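Spelled out from the first residue to the last, the chains are:
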Amino acid sequence: MKKKLGFWSIVLLTINSIIGSGIFLSPGSVVTQAGTFAPLVYLSAAIFAALLGIVFAAAAKYVAHSGAAYAYAKAAFGQNVGFYIGITRYIAGSIAWGVMATAVIKTIISLGGGNNSNSLLITSCFGILMIVLLLVNFFGPRLFELINNLSTIGKLLALITTIIAGVFIIITTGANHFSSINQSTPPLTLSRFVMASIAAFYAFTGFESVASGSDDMDQPEKNLPRAIPFAIISVALIYIGIIIVSMMINPQALIKTKEVVALAAIFKNRSVQNIILVGALISMFGVNVAASFSTPRILEAMAQEKQVPAWFAKRSNHGFPLRAFVTTALIAIILPLSFNYQMTSIIILSSISRFIQFLIVPLCVIIFFYGKSKEATLPNVKKSFITDVICPIIALIMTILLLIKFDWVAQFTITAADGHLVPNIFAISAMIIGYFILPLMLFISNPKK
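Position numbers for residues start from 1 in each chain and track the written sequence from start to end. This being a predicted model, a pLDDT of at least 70 is required before a residue's local features are given, and a value of 80 or more before pairs of side-chain atoms are given or counted; all residues contribute to the totals for chains, interfaces and linings. Think of the side-chain values as coming from all heavy atoms in the structure, minus any hydrogens and water.

A. Examining the overall build of the chain more closely. A count of helices and strands for the chain gives 17 helices and two strands. Residue exposure (1.4 Å probe, protein chains only): buried if accessible area is under 20% of the type maximum, exposed if over 50%, otherwise partly exposed. Taken over 449 residues, the chain has a buried fraction of 55%. Only heavy atoms enter the contact rule, under which two residues are in contact if any of them lie within 4.5 Å. For the chain, long-range pairs separated by at least 24 residues make up 80% of all intrachain contacts whose partners lie at least 6 apart in sequence. As displayed, the chain has an accessible area near 18,900 Å², and 69% of this comes from carbon and sulfur atoms. Helix and strand labels come from DSSP, where a helix needs a run of H or I of at least four residues and a strand needs a run of E of at least two; each type is numbered from the N terminus. All accessibility values rest on the Shrake-Rupley procedure with a 1.4 Å probe; residue burial counts only the protein chains present in the view.

B. Seen up close, the pattern of salt bridges. Salt bridges are defined as contacts in which a side-chain nitrogen from Lys or Arg sits within 4 Å of a carboxyl oxygen from Asp or Glu. One pass over the full model with this rule turns up two salt bridges. Put simply, Lys-61 and Asp-388 hold a salt bridge, and the shortest N to O gap is 3.2 Å. Placement of the pair is Lys-61 in helix α4 (residues 38-62) and Asp-388 in helix α15 (residues 385-405), with a sequence separation of 327 residues. An identical accessibility class is assigned to Lys-61 and Asp-388; each is buried. Glu-300 serves as the salt-bridge partner of Arg-315, at 2.5 Å between the closest nitrogen and oxygen. Of this pair, Arg-315 sits in the loop between α12 (270-304) and α13 (322-338) while Glu-300 sits in helix α12, placing them 15 residues apart in sequence.

C. Region of interest: the packing of helix α6 (residues 79-111) against α12. Geometry is summarised by axes, namely lines fitted to C-alpha atoms with helices restricted to the contacting stretch, and by angles between N-to-C directions that run from 0 to 180 degrees. Interaxial distance between α6 and α12 falls to 9 Å at its minimum, and their mutual angle equals 155°. Judged by the inter-axis angle, α6 sits roughly antiparallel to α12. As for how α6 packs across α12, the hand of that crossing is left-handed. In this classification, Asp, Glu, Lys and Arg are treated as charged, Ala, Val, Leu, Ile, Met, Phe, Trp, Tyr, Cys and Pro as nonpolar, and every other residue, Gly included, as polar. For the contact of α6 with α12, the residue count by class is 20 nonpolar, seven polar and one charged. Roughly parallel refers to an angle under 35 degrees, roughly antiparallel to one over 145, roughly perpendicular to one between 65 and 115, and oblique to any angle outside these ranges. Crossing handedness: left-handed means the near helix sits turned counterclockwise from the far one by under a right angle, and right-handed means the same turn made clockwise.

Have a look at this one:
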């Protein structure tokens, strides 16, 4: 690679990977569950995300190869564990990319007055979007860096403008409806707080995939540990500012609106609404750009280690993993299509896979710190007991507690017409195929098992 991503480009890539559609489309779900405690919920989610970000950044000090959690697991636990983490991470990343692509396509269709439930129309738009992303990546890091940076700056400007406009309205009108939200939300319990925190935490995910393309970054062992926590803190400040302003101006709008971009509903000023709508589209396109960079490189990293056919590791003359990209793009299209673009079930599969990484990577960092892995030996690694042992232990405990408190029944059941809960066959099937059948089939054919 003649050009690699520098520190600030990595920061913007991380921000771009984190800020997607969630803060624009569905902050009301957190407000509904947490009421006036919503800012505190986002703060707790930000602390958890920052802690995990430190852990992933610590792992990047020891292993500078592409693949992120896959590379760390393989270095710490060997080929078999690394293979399973890599396959499940790749599948989930492909699905997540499909979910994000579906979101941007449905939003554009809705804003244009079209029918966003038309599968043929969505599939056609899907193909166009993937071609655009292919072109963005194909011509090398320079064009990708430019598009990624511009889309990140665009979404940040939209969110910051929203905060400034909100503060102006609050000062000039004296609006403060913060406490009125309690009239339409039930009392907060520990279970509801945990579920709200998980919902808010989902808005911070994405940082864990940034290191997947570390081979295309300048000094990743130095830049990633600084860039990831910095990006998470920046996003947290913006999210909390957005939530506080929204709840002071018009919290009911976040819950009751039927607008595609829920955040725009809190404002009556058309200019501010348009800024939010444009920012939402830029944000969703930007997170697709970030996914198109990170996800194919997981497959490429596994191909370089000969755990999947080496055919996927071939790069174009522009230094672009074309074969891995095309394969990933096809999966990102086919899986949502097989669910008829109903995003709930495929989001479940994607989100749970993240917790598999959040369990394994802290253990990897502890192993690296104590020198138990021969594959994680970068020269001049600055070890820290706090970031390499204490933080991973806390992150591991918090992840286990969240998984225990997670409402598994609600995620794998649907409410029938008569009010009874019935199994969500799509979600259950996706879990079994994605995490057991497909990894087993690939493992059997893996020559390095």
